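# Notes for the structure review
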Amino acid sequence: MATDTPDMSDSKMKAQDVESGSATAATIVPPEEDEKKLLRKLDGHIIPLVMLLYTFSFLDRVNIGNARLYNMETDLGLVGNQFQVAISIFYVTYLFFEVPSNLILKPLTPSRYISFVAFGWGIIAMCTGFVHNYGALIAIRLILGVVEAGLFPGLNVYLTFFYTKKELALRVGYLFVSSAIAGALGGLLAYGIGHMDGIAGYSGWRWIFIIEGLPSIVLGVICFFLLPNDIDHAYFLTPEEKTLAAARHLRHYGVTESSQKFSKKDMMAAFKDWKVWIFCIGQFGSDTMLYGYSTFLPTIIRGLGSWSAAEIQLLTIPCYFLGAATYMSMAFLSDRKQMRGVFCVIFGAICVIGYGVLLSDTPAGVHYFGCFLVATGLYVVVGLPLAWLPSNSPRYGKRTTANGMQLTTGNSAGIISSFIYPSTDGPRYVMGNAVSLALIGMAACIYGFMWFWFARANKQRESGVLKPEHENMTEDELAELGDESPRFRYTI
């Protein structure tokens, strides 16, 4: 690090939002090359671990869809909608523990808590391969929901400890690329592991659970030693780089010393904010598509033609690859332009068209094309709002609570998504595709509305007109209001 790096200690920094042009004190802007070097270090040490964590988490959650193709239902004697119940029951405990998990992330420290979560779900996922009846399967899925509940919301908040709101969409994007990798990897692994049918007297579907649970256990141990809790504990940063990393956050309006501490008042502000609830509803619509698509894509493809289980697994891979590539491109562009809503609307519309194709009375090849259209918009509409809402919540207590609410509501879609694709609806699964079409259309409309509302609110605030309750407040007092301050500018 150059010796002439400016002093950017907390005592000399005050919050500022570069976009709003208002500040309570002079802001020191670090050299661009130093900041790029810092970002490369953060990405190199944090993102690989985060991606691996979510890849194996998502893999262990949805591999039941791949196991279904290898006689799982027959071996366990599942009848009627018992398979769908086994999938959806996971979300009962998962939803219940999501928000509490976010609130204990800092007190328990990310390295300890996230490591425990990864180690625990790996063991439980492996145990799924040893169940012999419906009751045992239900019990395992309930426990898996408890353990996995803390991971995704925790990682989503964890990334805000290191990255600014202008960098968040791309980094959250890595999580969704991980889920796409898990989808593709799950198909490949299931294809290979399925050939182990009969080894040691176990069916192929049992080996899928046993083998795919092992990496998570190892990863949990690794993360305990390598995952930094925050900037101050980032062992790979020099003291100067830690100071720079802290200063980067303080450049944004509303990021004050008190705003980075959890408070009950900030937590309650999330529950009282109508915008948070609107995002929750939108997330429910897009997540219905996500979980239905991720869990039942092999089943959907099986209904489109006469293919073997191995061929079905291979046919899922290009869909996930396209979804991952599209999201990363749009996340990069979204961060660069600092726009979220326009991308949610455009790619939500593409998903609607895709489901329209799947519902149409056309040949199997056209339906497979519809799967690609859905994949194109899938991760964009699901992922960008998870960076959009935190970007507009500078106070930690509100941000972590709002994000937990958003994810909890969204993940509740996992309960209904497992029932909208019953095997009796094959081969076209009209109900599942129609419900997904309607809900993703709703989500796109919601995000279009929020795009309009945020843009209008920014325009009104730029006019300089203050509400009566703000007129006699100092600049420091206004900064403490977070996103409610007339100086704050929303990401649109």
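The following paragraphs examine the structure supplied in this document. Keep in mind it's a predicted model, so treat the numbers as computed, not measured.

About the criteria used
- Residues numbered from 1 in each chain as written.
- Predicted model: local features only at pLDDT ≥ 70, side-chain atom pairs only at ≥ 80, totals over all residues.
- Heavy atoms only, no water.
- Helix = DSSP H or I, 4+ residues; strand = E, 2+ residues; numbered from the N terminus.
- Rg over C-alpha atoms; globule rule 2.2 N^0.38 Å.
- Buried < 20%, exposed > 50% of the residue type's maximum accessible area, 1.4 Å probe, protein only.
- Contact = heavy atoms within 4.5 Å.
- Areas by Shrake-Rupley, 256 points an atom, 1.4 Å probe, with all protein chains shown as cover.
- Lys, Arg positive; Asp, Glu negative; His and termini not counted.
- Charge placed at Lys NZ, Arg CZ, Asp CG, Glu CD.
- Core = buried A, V, L, I, M, F, W, Y, C linked by side-chain atoms within 4.5 Å.
- Polar contact = N/O pair within 3.5 Å; in protein donor to acceptor, adjacent residues only side chain to side chain.
- Patch = residues over 30% accessible without salt bridge, like charges linked within 9 Å, V, L, I, M, F, W, Y side chains within 5 Å.
- Salt bridge = Lys/Arg side-chain N within 4 Å of Asp/Glu carboxyl O.
- Phe/Tyr/Trp six-rings, centres within 6.5 Å; stacked < 30°, edge-to-face > 60°.
- Lys NZ or Arg CZ within 6 Å of the ring centre and 35° of its normal.
- Disulfide = S-S within 2.5 Å.
- Expected span 1.5 Å × (residues − 1).
- Arc of directions from axis to C-beta.
- Axes fitted to C-alpha atoms, helices over the stretch in contact; angles between N-to-C directions.
- Parallel < 35°, antiparallel > 145°, perpendicular 65-115°, else oblique.
- Left-handed = near helix turned anticlockwise from the far one by under 90°.
- Nonpolar A, V, L, I, M, F, W, Y, C, P; charged D, E, K, R; others polar.

## Thoughts on the overall build of the chain
A count of helical and extended segments in the chain gives 19 helices and two strands. Here the C-alpha radius of gyration of the chain, 23 Å, is about what a compact globule of 492 residues would show, namely 23 Å. Summarising its shape, the C-alpha atoms of the chain cover approximately 70 × 45 × 40 Å along the three principal directions. Evaluated residue by residue, the chain yields a buried proportion of 60% over its 492 residues. Residue pairs in contact within the chain that sit at least 24 positions apart in sequence constitute 82% of those at least 6 positions apart. Of the roughly 18,500 Å² of accessible surface on the chain, 66% is carried by carbon and sulfur atoms. In the chain, the 37 positive side-chain charges and the 39 negative ones have mean positions that sit 3 Å from each other.

## Digging into the nonpolar core
Of all hydrophobic cores here, the largest spans 143 residues; its most connected members are Ile46, Leu53, Trp121, Leu159, Tyr293 and Tyr327. In terms of residues, this core owes the most to one element, helix α1 (residues 32–67), which gives 16 residues. If near-sequence neighbours (up to four positions away) are discounted, tyrosine 293 is found in contact with Cys319, Tyr320, Tyr355, Cys371, Val374, Ala375 and Leu378.

## Observations regarding the environment of glutamate 73
Inspection of the secondary structure puts glutamate 73 in helix α2 (residues 72–76). Only 3.1 Å separates the side chain of glutamate 73 from the side chain of arginine 68, close enough to count as a polar contact.

## Remarks on the side chain of threonine 164
Here threonine 164 lies in the loop between α7 (151–160) and α8 (168–193). Beyond its immediate chain neighbours, meaning those up to four positions away, threonine 164 contacts Arg248, His249 and His252.

## Quick look at a nonpolar patch on the surface
Residues Phe119, Ile123, Val218, Val221, Ile222, Phe224, Phe225, Leu226 and Tyr235 make up a contiguous nonpolar surface patch of roughly 830 Å² in combined accessible area. Examining the composition of the nonpolar patch, we find that six residues originate from one element, helix α9 (residues 204–226), more than from any other. Note on placement: phenylalanine 224 falls in helix α9. Judged by its relative accessible area of 43%, phenylalanine 224 is partly exposed.

## Points about the packing of aromatic side chains
Using the criterion set out here, one finds 28 aromatic pairs in the structure. Judged by centre distance (5.2 Å) and plane angle (80°), the ring pair of phenylalanine 96 and phenylalanine 97 falls under edge-to-face. Residue phenylalanine 96 is classed as exposed on the basis of its relative accessible area of 62%. Ring geometry for tyrosine 158 and phenylalanine 162: centres 5.1 Å apart, planes at 65°, overall edge-to-face. Each member of the pair, tyrosine 158 as well as phenylalanine 162, carries the same accessibility label: buried. When the ring centre of phenylalanine 161 is taken as origin, the NZ or CZ atom of lysine 106, which lies over that ring, is 5.3 Å away. In this structure, lysine 106 packs its charged tip against the face of tyrosine 396, placed 4.1 Å from the ring centre.

## Topic: the state of the cysteines
Following the criterion strictly, the structure yields zero disulfides and no others. No disulfide involves cysteine 344; its sulfur sits 11 Å from that of cysteine 351, the nearest cysteine.

## Here's the deal with helix α3 (residues 82–103)
Given a rise of 1.5 Å per residue, 22 residues ought to cover 32 Å, and the 34 Å separating the end C-alpha atoms of α3 matches this to within 8%. Within α3, 17 of the 22 residues are buried, leaving the element largely enclosed by the surrounding structure.

## Topic: the pattern of salt bridges
Side chains that differ in charge, positive against negative, can pair when their charged atoms come close. Taken as a whole and assessed by the stated rule, the structure comprises 15 salt bridges. Arginine 171 serves as the salt-bridge partner of aspartate 43, at 2.7 Å between the closest nitrogen and oxygen. Separated by 128 residues along the polypeptide, aspartate 43 in helix α1 and arginine 171 in helix α8 bring together distant segments of the chain. Just as aspartate 43 is buried, arginine 171 falls in that class too. Arginine 487 is the partner of glutamate 475 in a salt bridge, and the nearest nitrogen-oxygen pair spans 2.8 Å. Of this pair, glutamate 475 sits in helix α19 (residues 475–479) while arginine 487 sits in the segment after α19; the two residues are twelve residues apart in sequence, bridging distant segments of the chain. Given the relative accessible area of 30%, glutamate 475 is considered partly exposed. For arginine 487, a relative accessible area of 21% puts it in the partly exposed group. Taken together, the salt bridges that share partners define one network made up of Asp273, Lys275, Lys398, Asp483 and Glu484.

## Some points on helix α11 (residues 264–272)
Of all the positions in α11, only Asp266, Met267 and Ala270 are classed as buried. Axial view of α11: buried residues confined to an arc of 105°, hence all on one face. In α11, those exposed residues whose orientation departs by more than 90 degrees from the buried face are Lys264, Lys265 and Lys272.

## Digging into the packing of α1 against α7
Taken N-terminus to C-terminus, the directions of α1 and α7 make an angle of 165°; their axes are 11 Å apart at the nearest point. Compared by their axis directions, α1 and α7 come out roughly antiparallel. Pair α1 / α7 crosses with left-handed handedness. Across the interface between the two elements, Ile46, Ile47, Val50, Leu53, Tyr54 and Ser57 of α1 pack against Leu151, Phe152, Leu155, Tyr158 and Leu159 of α7. Looking at side-chain class alone, the contact of α1 with α7 contains ten nonpolar, one polar and no charged residues.

## Notes on the packing of α7 against helix α16 (residues 396–411)
In the contact formed by α7 and α16, the axes pass within 10 Å of each other and the chain directions differ by 150°. Here α7 runs over α16; the crossing is right-handed. Contacts from Phe152, Pro153, Asn156, Val157 and Thr160 of α7 reach α16 at Tyr396, Arg399, Thr400, Asn403 and Leu407. Taken together, the residues that form the contact of α7 with α16 break down as five nonpolar, four polar and one charged.

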